[in-house]
Amino acid sequence: MKQPLHIFWFRRDLRLDDNHGFFKALKSNRPVLPIFIFDSEILEKLPEDDARVTFIYDTLQNMRSRLENKHDSSIAMFHGKPIDVYKQLAIDYDIKEVYTNHDYEPYAKERDNEIAQFLKAQHIAFNTFKDQVIFEKDEVVKKDGLPYKVYTPYMKLWKAQFRLQPLEIYDTESNFGNLINENEFPNLSLSEIGFKRSNQRIVDYTVTPTLIQQYEETRNFPAKDSTSKIGPHLRFGTVSVRKMVQKAITEENEIFWQELIWREFFMQILWHFPHTAKDSFKSKYDRIDWRNNEEEFKLWCEGQTGYPLVDAGMRQLNKTGFMHNRVRMLVGSFLCKHLLIDWRWGEAYFAEKLHDYDMSSNVGNWQWVAGSGVDAAPYFRIFNPTSQILKFDKELNYIKKWVPEFQELTYAKPMVDHKEARERCLRVYKEAVS
């Protein structure tokens, strides 16, 4: 006779504390089996040394060790298509309910719908909870129920609604006594899922009171390296967004808080307008006659454009999996407007390289610089890649670090003339959107 149990499915919430869905599972009336599925549908598109896979794997192994050493439990690991894994789980266990946290991306919604239908046919409940955001879907909308397309009014209502409700932190760990005890939990090695250890490392985040208090005055200067590095940790849920908002409020820093709200703004845009993952929010921008020169794209990718701040950003990305946010705007604008290369090309490259890649933010920010998205920069706003140096890297410290040869004869000549590229961009954009 198999023991009736509940499953908790870890996904974008790789932490044991303050985890909403995990808390609900542990508070239920059955023993809980935690699982993680290395989704082959996602993994097969990634390079074998992807740093994010190494990070996920190591995080899970640390979580497993903690549960094994302190609570005589663990996390069962699987590899394959999630639907196939659940079909096997339904055979191996007497599952009564499955618990997990919401995921909002188009693929995740399709995957969860398929699994929910399968579980329903097996008379197994599928329970999902809000965890990676404070407000989701249509919780912050206009009075007529329509979603906001401009950030500032969204942000103001977000804050107003937030102040009306207490922030609940879920005390997950006090309920670990409800975890299932088994002799052996399935485990996997990196090689068994088709990967090898990456040379890149996702660094720990820094959210000290000093960093938060100085955030506004230092965040735009890439040489200072004073950003929190929290992006990947929010992306994979190794940190609770509730605790991060709590920190921002404790330190009374509106700018740091608003960066977290920007993340939720783009998430609700992707939820309401899933077509924006591939198509411009403003459809007329899909009429732009992109040049899409492959050789020029290659030079941009390699950080060989001849514009040192652009090149510094791309080289930092390629070497570390991180790029300073101010520089992201510049390299994105340069690709779309100086080179007239489709924003989707840049979005795909960032998706491959960025440790903190999150579809909603990546698509949202790329469409922002291209002028095609919600609350976007107007198309005639074209960053000057030279004057940006004077504003944000006046001492050239960032450039010297990543482009040490920038003052030497060996450094690449500018691949386009700024003035000519700007005029060409204005002409091409105007033809498309007029």
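Analysis parameters
- Residues numbered from 1 in each chain as written.
- Predicted model: local features only at pLDDT ≥ 70, side-chain atom pairs only at ≥ 80, totals over all residues.
- Heavy atoms only, no water.
- Helix = DSSP H or I, 4+ residues; strand = E, 2+ residues; numbered from the N terminus.
- Rg over C-alpha atoms; globule rule 2.2 N^0.38 Å.
- Buried < 20%, exposed > 50% of the residue type's maximum accessible area, 1.4 Å probe, protein only.
- Axes fitted to C-alpha atoms, helices over the stretch in contact; angles between N-to-C directions.
- Parallel < 35°, antiparallel > 145°, perpendicular 65-115°, else oblique.
- Contact = heavy atoms within 4.5 Å.
- Nonpolar A, V, L, I, M, F, W, Y, C, P; charged D, E, K, R; others polar.
- Polar contact = N/O pair within 3.5 Å; in protein donor to acceptor, adjacent residues only side chain to side chain.
- Phe/Tyr/Trp six-rings, centres within 6.5 Å; stacked < 30°, edge-to-face > 60°.
- Lys NZ or Arg CZ within 6 Å of the ring centre and 35° of its normal.

Colleague: Quick question: what am I supposed to make of the overall build of the chain here?
Modeller: Of regular secondary structure, the chain possesses 19 helices and five strands. What you see for the chain is a C-alpha radius of gyration of 23 Å, in line with the 22 Å of a compact globule of 434 residues. Oriented by its inertia axes, the alpha-carbon framework of the chain measures out at about 75 × 50 × 45 Å. Of all 434 residues assigned to the chain, the portion counted as buried reaches 56%.

Colleague: Quick question: what am I supposed to make of the packing of helix H11 (residues 254-272) against helix H16 (residues 359-370) here?
Modeller: Each pair of packed helices gets described by two things: the angle between the helix axes and the distance between those axes. It is at 8 Å that the axes of H11 and H16 come closest, and there the two elements cross at 90 degrees. Our classification of the angle between H11 and H16 gives roughly perpendicular. On the side of H11, the interface is formed by Arg263, Phe266, Met267 and Leu270, while H16 contributes Met359, Ser360, Ser361, Gly364 and Asn365. When grouped by side-chain class, the residues that make up the contact of H11 with H16 number four nonpolar, four polar and one charged.

Colleague: Teacher, can you tell me more about the side chain of Asp393 here?
Modeller: Here Asp393 shows up in the loop between helix H17 (387-392) and helix H18 (397-402). Separated by 3.2 Å, the side chain of Asp393 and the backbone nitrogen of Asn397 make a polar contact.

Colleague: What's the story with the packing of aromatic side chains in this structure? I'm lost.
Modeller: Each aromatic ring pair is specified by the distance between its two centres and by the angle formed by the two planes. Under the criterion given, the structure shown has 33 aromatic pairs. Taken together, a centroid distance of 6.1 Å and an interplanar angle of 85 degrees make the contact between Tyr104 and Trp271 edge-to-face. Taken together, the residues span a long stretch of sequence, with Tyr104 in the loop between strand S4 (94-101) and helix H5 (106-121) and Trp271 in helix H11 at a distance of 167 residues. With relative accessibility at 6%, the residue Tyr104 sits in the buried group. Measuring from centroid to centroid gives 5.8 Å for Phe162 and Trp257, while their planes differ by 70 degrees, and the two rings are edge-to-face. Placement of the pair is Phe162 in helix H6 (residues 151-162) and Trp257 in helix H11, with a sequence separation of 95 residues. In this structure Phe162 comes out as buried when scored by relative accessible area, which is 8%. An aromatic cluster is defined as three or more aromatic residues linked by ring pairs; in this entry it consists of Tyr148, Tyr151, Tyr154, Trp262, Phe265 and Phe266. Its end group placed over the ring of Trp9, Arg11 keeps NZ or CZ at 4.4 Å from the ring centre.

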